[in-house]
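# Structural overview
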Amino acid sequence: MVRVGIVGIGFMGMIHYLAYQKVRGAKVTAICSRDERKLSGDWRGIKGNFGPPGAKMDLGPIARYADWRELIRDPQVDLVDVCLPPALHAEVAVAALKAGKHVLVEKPIALETVEAQRMVRAAREAERLLLIAQVLPFNPEYAFAYDAVTSGRYGKLLGGHFKRVISDATWIKDVYDPKTVGGPVVDLHIHDAHFIRLLCGMPKSVFSTGRVEEGTVRFVNSQFLFDDGGPSVTASSGVINQQGRSYTHAFEIYLERATLLFDFAVLDGEAPLHAPLTVLTRDGKVKQPKLSAADGFVAELSEAARCVKAGRASPLLSGELACDALKLCHKQIDSVKSGRIVKV
């Protein structure tokens, strides 16, 4: 049994806590928050743009800490799950690794590439796992796309377009602060930057345009430029003041013998599926494959638990991969602000 200590009980800390209840081979044995109400189990003030609202939790025998330094010293914790604001990820992760714990960090891995690289080095030196919770490859539609591309089932990857747009994120304090949360590119678009890197490898350069407010890029349209013969890939992501549509993500992925389509949105608090995953094949057929019913967060945390039990790294939760995704985000920000193609 992998014993988990969650550091940070905000929206994602709650989402992880709920998901662990469904993960075989893992259990939450400790939590950390500076908020006494949350330590008592009153999570009703937690809000997000998906998932259930905050509620009262029966924490039972779970150990409760106000200081993360105490949690990482707890001998009843094998895996420290860091769900703090991104500016704190590197400090807590490195300390936990040095204390002999395996570490799972909610995306983004860090705010700056140099900090992300420091985390990867610390894991290597401590001979412990650093796992980055990039959930997208575990969502059923994206898992299908990943398998379709990597298996070669429909031939070579030709290109694709990815979309991720949210309403004004009023539930996240400092969401537009690049030094605390990272802004929409690092906090939101990093999902697609990670998935593009996973499917396509690292591009040689990027060209991005976007909307900048108060020094922060809030919306970005990007082209990912690969070597000759590489895929043609674009993405649109960011925040638009459209509170009636709190969230949407979508993709079109072009392969030699098929096109994969998917479009999902939350409208007026509900979750209508605009277009379920659809495969358009070269012979003219239109198919909607049966997908796994697994929750992406449960699948992600199950993978983390398996890795800790086996003492092996995960190709989907890799710290190095997360470093590359963060680097791509910063290159896109640089391109928006400079108006130029930026080498990766």
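Presented here is a report on the structure given in the accompanying data block.

### A short note on the overall build of the protein
- Counting its secondary structure elements, the protein contains 9 helices and 15 strands.
- Relative to the compact-globule value of 20 Å for 344 residues, the protein shows a C-alpha radius of gyration of 20 Å, a close match.
- Taken along its principal axes, the extent of the C-alpha atoms in the protein is 55 × 45 × 45 Å.
- Buried residues in the protein amount to 55% of all 344 residues.
- Here the protein displays about 15300 Å² of accessible surface, and carbon together with sulfur accounts for 50% of that area.

### As for helix 6 (residues 140–151)
- Taking 1.5 Å per residue as the helical rise, helix 6 with its 12 residues ought to reach 16 Å, and the 16 Å between its terminal C-alpha atoms agrees with that figure.
- For helix 6, the complete set of buried residues consists of P140, E141, Y142, F144, A145, A148 and V149.
- As for helix 6, its buried residues are in contact with strand 7 (157–166), helix 7 (183–200), strand 11 (245–255), strand 12 (258–267) and strand 13 (275–281).
- G152 lies just past helix 6 and shows a positive phi near 75°.

### What to know about the nonpolar core
- Within the largest apolar cluster, 120 residues are counted, with the highest numbers of intra-cluster contacts made by Y20, I253 and L260.
- Of all the elements, helix 7 adds the most residues to this core, at 10 residues.
- Sequence-distant contacts of I253, defined by excluding residues within four places in its chain, comprise A145, V149, L157, G159, G160, F162, F195, L199, A258, T259 and L260.

Cut-offs used in this document
- Residues numbered from 1 in each chain as written.
- Predicted model: local features only at pLDDT ≥ 70, side-chain atom pairs only at ≥ 80, totals over all residues.
- Heavy atoms only, no water.
- Helix = DSSP H or I, 4+ residues; strand = E, 2+ residues; numbered from the N terminus.
- Rg over C-alpha atoms; globule rule 2.2 N^0.38 Å.
- Buried < 20%, exposed > 50% of the residue type's maximum accessible area, 1.4 Å probe, protein only.
- Areas by Shrake-Rupley, 256 points an atom, 1.4 Å probe, with all protein chains shown as cover.
- Expected span 1.5 Å × (residues − 1).
- Contact = heavy atoms within 4.5 Å.
- Core = buried A, V, L, I, M, F, W, Y, C linked by side-chain atoms within 4.5 Å.

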